[in-house]
Structures are given as structure tokens and as C-alpha cells.
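Commentary on secondary and tertiary structure
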Amino acid sequence: MQPILFDIENLTHCYADGTIALRNLSLTVKQGKKIAILGNNGAGKSTLLLHLNGILQPTNGTIRFKGREVKYDRKSLLSLRKHVGIVFQDPDSQLFSANVIQDIAFGPQNLGLPKEEVLRKVEWAMEQTETTEFSDKPTHFLSLGQKKRVAIAGVLAMDPEIIILDEPTAGLDSYFSKQIMNVLDHIQKQGKTIILSTHDVNLAYQWADEIIIMHDGEILCYGDPVTVFEQAHLIRKAHLDAPWVMETFQFLVQEKFFSSNEAIPQNKEELFQKISSIKSWNLGKISG
Ligand code: ADP
């Protein structure tokens with residue numbers, strides 16, 4: 001049984017203008033998972049993520065990190081943020097140094113690490129995000145996708161135990177989206193916990209161990225991707241579509257290519273493997 005990192009109870013967040021962004025939300029997050037928070041615009045994903053790093057404070061309810069209630073004095077927040085790194089949706093709110101390498105080094109330097117270690121972590125983070133080629137460039141000359149990768153590199157370089165990413169692939173092309181997801185896979189295998197928000201159902205379905213569906217400040221369902229997406233009425237309520245892998249498989253079941261007892265594939269490779277396994281039967285059906 002994995003230890004619990006976050007234990008959130010009845011969290012409500014009301015912004016200064018009266019908008020209630022989170023309503024009485026409860027959630028536990030276990031260590032070592034890849035968690036995707038899915039929901040349409042305005043569902044409350046960013047607001048929830050900002051609470052995990054202590055940037056926002058609950059209006060009501062409690063957040064415990066490793067069994068202790070989160071406190072909001074400077075010292076407690078510094079300690080929380082050593083464990084929990086966050087990559088904001090908008091990289092411009094994260095990048096402020098003169099050039100790329102200085103920006104990525106800022107975090108580990110601030111942790112007071114020895115110079116060689118800072119350099120090692122920065123080089124590693126730049127390799128992972130392919131940002132080495134523009135390491136000397138001023139950050140304000142970068143494209144949105146490049147800024148996003150630099151912001152991710154800055155958090156990776158701090159080597160936090162939990163990495164939170166708000167819409168990490170928004171603004172990235174398909175090559176860099178895949179590459180960032182591969183990096184996240186790689187670091188999760190080293191024992192990190194990754195929590196990201198997205199409105200990309202296909203990305204969440206294929207990548208995550210656990211999916212949280214949010215709508216109007218509430219969690220509609222939480223669980224493994226297949227179980228979550230099997231609840232079609234909740235997916236519709238959240239204004240989301242079914243992932244194409246699941247939809248294709250369900251069509252093939254409906255057309256009697258597969259029995260409804262067959263396990264639902266979670267990614268393209270699993271789906272293709274299933275289709276290959278019935279190829280001869282399938283060909284027979286076509287020619288017959
Ligand atoms: P998501 O990340 O799912 O798009 P958000 O957490 O950004 O959702 O927003 C949830 C709700 O809170 C929305 O209604 C949004 O308009 C509102 N909201 C977000 N930030 C603020 C803010 N600073 N002040 C007032 N309302 C806000």
C-alpha cells in the first residue's frame with residue numbers, strides 16, 4: 001500500500017469576486033502515481049493544483065500533506081515547495097531570469113545546493129526537455145512551446161518529489177507533447193508522483209494511472225482510466241468525449257469482433273494487438 005501524500009477534506013475555494021471555484025471537494029493522493037485531472041474550462045483544475053503547492057489557501061476545508069495540515073507561514077511554505085514543484089499553465093508567470101540557463105538554475109541555486117550539483121541537475125533537466133540548444137537565449141525571445149519546456153526544466157532541476165503541471169502540453173506540438181509525457185513517465189518510474197491537468201482525454205486515458213474528472217468545482221469521479229471512462233453519463237456531464245481507443249474498441253464489440261467480456265485496451269498498442277489477434281477471423285468475416 002502506497003503512502004498517502006495529500007489528504008484533502010471538504011475543500012471549498014471562493015475567489016475575491018465571489019466565484020466559487022471548488023465546492024466541498026475531498027481527495028486522497030497516493031505516492032508514485034501518474035494522476036491526470038480532466039475537465040472542461042472553468043472546472044476548477046488550476047484552482048485545485050494551486051492549493052497543492054500552497055499558492056492558494058482554502059476558504060473552507062483542510063489539506064494535509066504527509067499527515068500534517070498545510071500551514072501558510074513563509075517557513076512552512078518553503079518546506080512544502082521543496083517537496084512539491086509546480087509548472088504553471090502560462091510560462092510567462094514562471095520565467096523571469098535574463099536567459100534560459102539562469103532561469104533553470106534559479107531553483108536549485110535557491111535550495112542552496114553545491115555548484116557542481118546545481119550544474120548536474122540543470123544539464124540533466126535541459127537534456128530531458130531539449131532546451132540545451134538555446135541555453136543562452138533570453139527567455140522573452142522564445143516561442144510559447146520553448147518557454148513551456150524551459151519552465152518544465154526549471155522544476156525538474158529542483159528534483160521535487162511531487163511534480164504538478166497545469167496543462168503541460170497546451171501550446172506544444174505533437175513531437176514535444178510526446179517527449180514531455182515520456183520525460184514524466186521516466187521520472188515517475190524513479191519514484192516521483194506526477195499530477196497534471198489537461199482537457200485532452202486521449203492523453204489522460206493513455207498516460208495516467210488514475211484520472212480525476214472535475215466539473216463545476218466538484219470531482220465527478222476518480223479511479224483508473226477504464227473504470228472512469230466506462231461511466232459514460234458522468235463523462236457527458238463533464239462535457240468530455242470518450243477516448244478514441246475506448247470508442248473504437250466499443251464499436252468493435254458492438255460489431256461483434258470482440259466479446260463484451262474482453263478487457264478494454266488503454267492505449268493504441270493494446271488496441272492494435274487485439275485487432276491483430278483476430279485478423280484471420282476478421283478476414284474470414286470480410287470474405288464470407
Ligand atoms: P480550470 O483550470 O479547470 O479551467 P480554474 O480553476 O481556472 O478552472 O477556474 C475555476 C473557476 O474559477 C472559473 O469559473 C474561473 O473563472 C474562476 N477563477 C479562476 N481564477 C479566478 C480569479 N483569480 N478570480 C476570480 N475567479 C477566478
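Predicted, not measured: the structure shown is a model, and the values here were computed from it.

**So, the pattern of salt bridges**
In the structure shown here, the tally under the stated rule is 10 salt bridges. A salt bridge links K121 to D159; the shortest N-O distance between them is 3.2 Å. Taken as a pair, K121 in helix α4 (residues 115-129) and D159 in the loop between α5 (144-157) and β7 (162-166) lie far apart in primary sequence, 38 residues in all. Assessed through its relative accessible area of 16%, K121 is described here as buried. Judged by its relative accessible area of 38%, D159 is partly exposed. The shortest N-O distance in the salt bridge between K274 and E262 comes to 3.1 Å. One end of the pair, K274, is in helix α11 (residues 268-277); the other, E262, is in the loop between α10 (244-254) and α11, with 12 residues separating them in the sequence. In this structure, a network of salt bridges that share partners links the residues E117, K121, D159 and K192.

**Quick look at the environment of I104**
As for its placement among the helices and strands, I104 is situated in helix α3 (residues 100-110). By relative accessible area, I104 is classed as buried at 0%. Residues contacting I104, with those up to four places away along its chain left out, are V122, A125, M126, T131, V150, A153, G154 and A157.

**Here we look at the confidence of the model for the protein chain**
On average, residues of the protein chain score 92 in pLDDT, and 97% of them are at 70 or above. Across the protein chain, the element-wise mean pLDDT spans from 59 in helix α12 (residues 279-287) up to 98 in strand β4 (residues 60-65).

**A short note on the site of the ligand**
Inspection of the region around the ligand gives Y15, D17, T19, A21, N40, N41, G42, A43, G44, K45, S46 and T47 as its neighbouring residues. For the ligand, an oxygen atom lies 2.7 Å from a polar atom in the backbone of G42. At 2.5 Å from an oxygen atom of the ligand is found a side-chain nitrogen or oxygen belonging to T47. For the ligand, whose unbound accessible area comes to 560 Å², protein coverage reaches 61%. In terms of residue count, the dominant contributor to the shell around the ligand is helix α1 (residues 45-52) (3 residues). Split by residue class, the shell around the ligand holds 3 nonpolar, 7 polar and 2 charged.

**What about the sheet that holds strand β5 (residues 68-69)?**
A sheet is described by the order of its strands in space; here 4 strands give the open sequence β2-β1-β4-β5, paired in antiparallel fashion. Of all the strands in the sheet, the pair left with one neighbour each is β2 (20-30) and β5. Here 2 bridges tie β4 to β5, and the two strands are oriented antiparallel to one another. Its bridge partner being in β5, F65 is matched across the sheet by R68.

**Re the sheet that holds strand β3 (residues 34-38)**
With respect to topology, 6 strands assemble into an open sheet ordered β6-β7-β8-β3-β9-β10, the strand pairing being mixed. Every interior strand has two partners, whereas the edge strands, β6 (84-87) and β10 (218-223), have only one. Sheet twist, expressed as the average angle between the axes of neighbouring strands with direction ignored, equals 15°. Along the sheet, helix α6 (residues 174-189) makes contact with β3, β7 and β8 (193-198), crossing β8 at roughly 155°.

**Topic: unusual backbone geometry**
Phi is mostly negative for residues that are not glycine, and the peptide bonds are mostly trans. Unusually for a residue other than glycine, N10 sits at a positive phi of about 50°. Positionally, N10 belongs in strand β1 (residues 4-14). One non-glycine residue with positive phi stands out, namely D159, at about 55°.

Calculation notes
- Residues numbered from 1 in each chain as written.
- Predicted model: local features only at pLDDT ≥ 70, side-chain atom pairs only at ≥ 80, totals over all residues.
- Heavy atoms only, no water.
- Salt bridge = Lys/Arg side-chain N within 4 Å of Asp/Glu carboxyl O.
- Helix = DSSP H or I, 4+ residues; strand = E, 2+ residues; numbered from the N terminus.
- Buried < 20%, exposed > 50% of the residue type's maximum accessible area, 1.4 Å probe, protein only.
- Contact = heavy atoms within 4.5 Å.
- pLDDT = per-residue confidence, 0-100.
- Near = heavy atom within 4 Å.
- Polar contact = N/O pair within 3.5 Å; in protein donor to acceptor, adjacent residues only side chain to side chain.
- Areas by Shrake-Rupley, 256 points an atom, 1.4 Å probe, with all protein chains shown as cover.
- Nonpolar A, V, L, I, M, F, W, Y, C, P; charged D, E, K, R; others polar.
- Pairing = 2+ DSSP bridges.
- Axes fitted to C-alpha atoms, helices over the stretch in contact; angles between N-to-C directions.

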